[in-house]
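The lines below spell out each chain.
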Amino acid sequence: MDRIDRKILNLMQRDASRTNVDMADEVGLSPSTCLRRVQRLHKSGIIERIVAILNPVKAQRLIKAMVTVELKLHGEQHMRRFLDTAVTQEAVSHAYAVTGATDVVLMLRLKDMEEFDALCDDLFRDQNNVARFFTMIVIRTAKEETAIQL
């Protein structure tokens, strides 16, 4: 990956809906050369996927929360079982197995507290191996970035 590839990737991370012609002009390439580079970046796996980032308010996902989860039983199979259940929940936007006192961190986008209550029933009852969980409701977002700095 060279300097031009990094420029292309930074442009795409800011706005992937730009036309190839606009992007090529910005990085100083012909449109066909720029397109080949983008295709190569896709094929190599550097570009994993291209998505639309929605406005959470307009998508009616008004509440953002983080939940830390401590499991009763540890080990890969127990962690995997819990994560497999967590990722099926619509409100779970991110699910991480982590190090330290906490086993799992979940990021949620919720419609309302009723949805959170139902999620608690589905994820945190005894048969899902949860010792305890702590919920933090986000009251202000200082930074939320999807781009990876290159």
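Residues numbered from 1 in each chain as written. Predicted model: local features only at pLDDT ≥ 70, side-chain atom pairs only at ≥ 80, totals over all residues. Heavy atoms only, no water.

**Quick notes on the layout of surface pockets**
Now for step 1: The calculated volume of the largest pocket comes to roughly 1500 Å³.
Now for step 2: Along the wall of the largest pocket there are 35 residues; nearest its centre are R49, V51, A52, I53 and T146.
Now for step 3: Only α1 (3-14), β2 (92-97) and β3 (104-110) provide two or more residues apiece to the lining of the largest pocket.
Now for step 4: In terms of residue class, the lining of the largest pocket is built from 20 nonpolar, five polar and ten charged. (1 Å grid on protein atoms, 1.4 Å probe; cavity = no way out; pocket = protein on both sides within 12 Å on 5 of 7 lines; lining within 4 Å. Points joined across faces, edges and corners; volume = space filled by probe spheres on them. Helix = DSSP H or I, 4+ residues; strand = E, 2+ residues; numbered from the N terminus. Nonpolar A, V, L, I, M, F, W, Y, C, P; charged D, E, K, R; others polar.)

**Focus on the nonpolar core**
Now for step 1: Grouped together as the largest cluster of nonpolar side chains are 21 residues, with contacts concentrated most on V69, F82, L106, L108, L123 and F124.
Now for step 2: For this core, the secondary-structure elements that each account for two or more residues are β1 (63-71), α4 (76-86), β3 and α5 (113-123).
Now for step 3: It is β1 that contributes the most residues to this core, five residues altogether.
Now for step 4: Not counting the four nearest positions on each side in its chain, L123 is found in contact with F82, T85, A86, Q89, V92, L106, N128 and V130.
Now for step 5: Listed in part, the 13 residues of the second largest apolar core include I4, M12, V27 and C34. (Core = buried A, V, L, I, M, F, W, Y, C linked by side-chain atoms within 4.5 Å. Buried < 20%, exposed > 50% of the residue type's maximum accessible area, 1.4 Å probe, protein only. Contact = heavy atoms within 4.5 Å.)

**Some remarks on the packing of aromatic side chains**
Now for step 1: As enumerated under the stated definition, the model contains one aromatic pair in all.
Now for step 2: A centroid spacing of 3.9 Å and a plane angle of 20° characterise the contact between F124 and F133, whose relative ring orientation is stacked.
Now for step 3: With relative accessibility at 30%, the residue F133 sits in the partly exposed group. (Phe/Tyr/Trp six-rings, centres within 6.5 Å; stacked < 30°, edge-to-face > 60°.)

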